[in-house]
Amino acid sequence: MNLRSRNNSIGFVPTMGALHKGHVHLIERARSNNTVILSIFVNPKQFAPGEDYNRYPRYIEKDKVIATDSGVDILFLPSTDEIYPEGYKTFVNVEGITDLLCGRFRPGHFKGVATVVLKLFNIVMPHRAYFGEKDYQQMLVIKSMVRDLNLDIEIFGIPIVRDDDGLAMSSRNVYLGREERVSATSLNRALKVSREMVKSGEMNAQKIISEMERIIKKGDGIEIDYISLCNPETLEDIKIVDTRVLVAMAVRIGGKRLIDNCIVEVK
Ligand code: PAF
């Protein structure tokens with residue numbers, strides 16, 4: 001409250017911790033014109049039963065060092081009871097786009113995300129908030145919520161940060177064994193191929209998806225939840241690639257779920 005009244009611009013980076021270079025990039029963007037508040041809260045409401053809530057990586061001491069070194073001004077570490085006190089009953093449901101892509105495989109996930117992000121927004125009261133584009137659908141859900149509920153917060157999507165082998169940075173990458181990590185590099189390779197196919201004039205979305213599937217399925221123990229070429233605003237599948245398209249996918253490697261995406265521009 002004081003920060004706001006002192007005419008500061010507050011930039012907010014909500015996270016679930018296990019901070020990596022992708023988070024540092026968000027913090028750097030936020031730092032360029034704000035006082036930065038970073039939250040770490042592993043939100044139980046966005047994990048479906050049987051998902052990895054209990055074993056989600058929690059490295060709080062290491063995270064504190066990364067946050068401080070990256071220039072975070074205030075670290076917000078709420079407890080589960082603070083966010084969801086006994087008798088908690090209220091949820092935010094963004095309709096439509098949450099039924100598609102990851103929404104088909106993770107029931108209730110985006111309801112949990114929208115709910116916690118709105119609560120964090122109400123507590124932190126930021127002017128600007130920063131989200132990684134690796135979770136493209138999440139970013140879209142938050143933008144819709146902000147627009148529909150007239151929240152006075154500017155949402156920034158920050159491009160994906162990749163490791164040297166092309167794997168998109170994610171807190172869940174720590175789950176991958178050595179072989180699995182090698183297999184995981186096929187996601188970025190498949191995205192590159194989709195870009196090249198569109199660039200060389202391929203307009204048939206199914207042909208592009210089939211080629212991406214072929215590349216990804218070369219690895220052992222890989223199951224594809226979905227590969228979609230879709231409208232970047234509505235997330236509805238497209239059949240003919242004649243305009244800007246989101247190429248998005250979710251893949252399980254040895255049971256570990258990874259997502260990745262890119263936007264492909266059509267000349
Ligand atoms: O992207 C994440 O880390 C989480 O989904 C978020 C936005 C912090 C909400 O729990």
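Anything mentioned here points back to the structure above.
Note that this is a predicted model, so its numbers are computed, not measured.

A.B. asks: Just to check I follow, could you spell out the site of the ligand for this structure?
C.D. replies: Taken together, P14, T15, M16, N43, Q46, V116, V117, F131 and Q138 are the residues near the ligand. Between the ligand and Q46 there is a distance of 2.6 Å, counted from an oxygen atom to a side-chain nitrogen or oxygen. At 2.7 Å, a side-chain N or O of Q138 approaches an oxygen atom of the ligand. Here the ligand, which alone exposes 290 Å², has 89% of that area covered by the protein. Going through the elements one at a time, β1 (10-15) and α5 (109-124) are the ones with two or more residues in the shell around the ligand.

A.B. asks: Honestly, the nonpolar core in this entry has me stumped. Any pointers?
C.D. replies: A general trend in soluble globular proteins is that nonpolar side chains are found buried together. Ranked by internal contacts, the top residues of the largest apolar core, which has 40 residues, are V117, F121, F131, I142, M145, I155 and L235. Excluding residues that lie within four positions of it along the chain, M145 makes contacts with V92, V94, A114, V117, L118, F121 and L151. Counting residues in each nonpolar core, the second largest holds 27 residues, with A190, I208, V245 and V264 among its members.

A.B. asks: Where do I start with the packing of aromatic side chains in this structure?
C.D. replies: Note on aromatic pairs: each is described by the distance of the centres and the angle between the planes. In this structure the tally under the stated criterion is 9 aromatic pairs. Aromatic pair F12 and F121: ring centres 6.2 Å apart, planes at 70°, arrangement edge-to-face. Here F121 lies in helix α5 and F12 lies in strand β1, a separation of 109 residues in the sequence. A relative accessible area of 2% means that F121 is categorised as buried. Judged by centre distance (5.1 Å) and plane angle (80°), the ring pair of Y84 and Y88 falls under edge-to-face.

A.B. asks: Looking at this structure, how should I read unusual backbone geometry?
C.D. replies: Glycine aside, a negative phi is what most residues show, and trans is what most peptide bonds show. At L101, a residue that is not glycine, the phi angle is positive and equals roughly 40°. With respect to the helices and strands, the residue L101 is situated in the loop between α4 (80-83) and α5. A relative accessible area of 5% places L101 in the buried class. For L235, which is not a glycine, the phi torsion comes out positive at approximately 65°. Mapping L235 onto the fold places it in the loop between β6 (222-230) and β7 (245-253). Residue classification places L235 among the buried residues on the basis of a relative accessible area of 1%.

A.B. asks: Where do I start with the sheet that holds β1 in this structure?
C.D. replies: Sheet strands pair via backbone hydrogen bonds, and the direction of the pair is either parallel or antiparallel. Taken together, 5 strands build an open sheet; the order of strands is β3-β2-β1-β4-β5 and the sheet is parallel. Edge positions in the sheet fall to β3 (74-76) and β5 (154-158), since each of these pairs with one other strand and no more. Here the strands of the sheet are splayed against their neighbours by 25° on average, with no regard to which way each runs. Pairing of β1 with strand β2 (residues 35-40) involves 6 bridges; the strand directions are parallel. Bridge pairing links G11 to V36 in β2.

A.B. asks: It is not clear to me how the environment of R104 should be interpreted in this structure. Could you clarify?
C.D. replies: By the element assignment, R104 lies in the loop between α4 and α5. According to the relative accessible area criterion, R104 is exposed, its value standing at 54%. Linking R104 and Y226, residues 122 residues apart in sequence, is a C-alpha distance of 9.4 Å. Apart from the residues within four sequence positions on either side, R104 is in contact with D99 and Y226.

A.B. asks: Help me understand the sheet that holds β7, please; the structure alone is not making it clear to me.
C.D. replies: Taken together, 3 strands build an open sheet; the order of strands is β6-β7-β8 and the sheet is antiparallel. Pairing within the sheet leaves two strands with one partner each, and these edge strands are β6 and β8 (256-264). Strand-to-strand twist in this sheet, taken as the mean axis angle between neighbours without regard to direction, amounts to 10°.

A.B. asks: Help me out: how do you make sense of the packing of α5 against helix α6 (residues 136-148) in this one?
C.D. replies: For any two helices packed against each other, the geometry is given by the interaxial angle and the distance between the axes. Axis separation between α5 and α6 bottoms out at 10 Å; the angle between their running directions is 55°. Compared by their axis directions, α5 and α6 come out oblique. Relative to α6, the crossing made by α5 is right-handed. For the pair α5 and α6, contact is made by F110, V113, A114, V117, L118 and F121 and by Q137, Q138, V141, I142, M145 and V146, respectively. For the contact of α5 with α6, a count of residues per class yields 10 nonpolar, 2 polar and no charged.

About the criteria used
Residues numbered from 1 in each chain as written. Predicted model: local features only at pLDDT ≥ 70, side-chain atom pairs only at ≥ 80, totals over all residues. Heavy atoms only, no water. Near = heavy atom within 4 Å. Polar contact = N/O pair within 3.5 Å; in protein donor to acceptor, adjacent residues only side chain to side chain. Areas by Shrake-Rupley, 256 points an atom, 1.4 Å probe, with all protein chains shown as cover. Helix = DSSP H or I, 4+ residues; strand = E, 2+ residues; numbered from the N terminus. Core = buried A, V, L, I, M, F, W, Y, C linked by side-chain atoms within 4.5 Å. Buried < 20%, exposed > 50% of the residue type's maximum accessible area, 1.4 Å probe, protein only. Contact = heavy atoms within 4.5 Å. Phe/Tyr/Trp six-rings, centres within 6.5 Å; stacked < 30°, edge-to-face > 60°. Pairing = 2+ DSSP bridges. Axes fitted to C-alpha atoms, helices over the stretch in contact; angles between N-to-C directions. Parallel < 35°, antiparallel > 145°, perpendicular 65-115°, else oblique. Left-handed = near helix turned anticlockwise from the far one by under 90°. Nonpolar A, V, L, I, M, F, W, Y, C, P; charged D, E, K, R; others polar.

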